[in-house]
Structures are given as structure tokens and as C-alpha cells.
Amino acid sequence: MTTQTTNINLDSPSLVLDTIFVWKGAGHELQQSNPKYWDSKCHLLIYQEYSMPSIVLCSDLDEQDTGTSITNSAEGLATLIWRKYQNTVLSSGRYLGDNFLFIEHYPRNKISKNEEPEDFSLVQFNWDGQRFSQPRWSPLTPNIVLALIQQHKLKD
């Protein structure tokens, strides 16, 4: 049996940021200004709809030499993204509980050696007011991700 590796369309009217995000090492604060640590990068998409949770989707570039994986950088990466965008595309006060969803995405369409389908996980964290910690992963289906990023259509 062959597994299809089709990737879902992540476009949505609630998309407020679409960029390549670069960080150092595993994303820890002291690594960010130290040239000894390697550059890491991912495709960052942020979705925001009025009165709905902010959705931060970090997508692996599925290329060689993209540095530390999203999985191994999760808490540092979430903290860096929050600090960089909290006063612009992320509204202040939207970082706790149901108001900040961090989704990790591995599209597996370029360099993947096997026929694995793309992979999504919701990553939940503890928040101490300064940084995210203790990541916990829960798998998501592509249909759930589509429902989340298209949520404005559900409430109309």
C-alpha cells in the first residue's frame, strides 16, 4: 500500500504573517547573540481572527541544513516568536490557555526519503509570564488544522 503525501493548503483570510523565521541553536535566549550557535529556520504562519485564538504554525522547510528542528526547539522557539510579535501581529494578553495555539508541521514533500504523510502536532506549554516551558505534543489531523485556520467560516 502506498501512502499519498499530499499537503493541505494553509492559506486562510485569517493569515496575518507568512515568513521564514530564523533563530539560533535550540532557541535559548543566550544563544541568540552568540555566533557559535547555528542558524535554524522554519516557515512561520500566524493566523488571527477577532475573538479567536492566535494560531502559530511552524512548518519545517523539508530541506537540508535548516538547523535545529522545530521539535527540539519548541519552547525556545515559541518564546522567541511571542517576544518578537507580541506587540504587532499577536495581541498582548493572548498567550494563555485557549488564546495561543502552537502547531508544529512537517510537510514531508521535498527531501523525505519515505512516503510518510505530512504531520501536524499541537504543542501545549506552561507559561511563567516570561517564557514557555514543558512542551507536550498531541497529534492533529490535516482536517482539524484546516478547521482551526478556517475558523472564521465556521462562526458565520
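Residues numbered from 1 in each chain as written. Predicted model: local features only at pLDDT ≥ 70, side-chain atom pairs only at ≥ 80, totals over all residues. Heavy atoms only, no water.

1. Regarding the overall build of the protein
Within the protein, the regular secondary structure consists of 3 helices and 6 strands. Mapped from its N terminus to its C terminus, the protein presents α and β elements in the order β-β-β-α-β-β-β-α-α. The 156 residues of the protein split such that 43% are buried. Of the accessible surface of the protein, which amounts to about 8700 Å², a share of 49% is contributed by carbon and sulfur atoms. (Helix = DSSP H or I, 4+ residues; strand = E, 2+ residues; numbered from the N terminus. Buried < 20%, exposed > 50% of the residue type's maximum accessible area, 1.4 Å probe, protein only. Areas by Shrake-Rupley, 256 points an atom, 1.4 Å probe, with all protein chains shown as cover.)

2. With respect to the environment of Leu61
With respect to the helices and strands, Leu61 occurs in the loop between β3 (54-59) and α1 (70-85). Judged by its relative accessible area of 13%, Leu61 is buried. As for Leu61 and Arg108, which are separated by 47 residues in sequence, their C-alpha atoms are 8.7 Å apart.

3. Things to note about the packing of aromatic side chains
This model, assessed by the stated rule, comprises 7 aromatic pairs. Ring geometry for Phe102 and Phe125: centres 5.4 Å apart, planes at 80°, overall edge-to-face. Here Phe102, found in strand β4 (residues 100-106), pairs with Phe125, found in strand β5 (residues 119-127); they are 23 residues apart in sequence, far enough to count as distant. Judged by its relative accessible area of 1%, Phe102 is buried. Measuring from centroid to centroid gives 4.4 Å for Trp127 and Phe132, while their planes differ by 45°, and the two rings are tilted. Of the two residues, Trp127 and Phe132, neither departs from the other in class, the shared state being buried. Put simply, the rings of Trp82, Phe102, Phe125, Trp127 and Phe132 pair up and form one aromatic cluster. (Phe/Tyr/Trp six-rings, centres within 6.5 Å; stacked < 30°, edge-to-face > 60°.)

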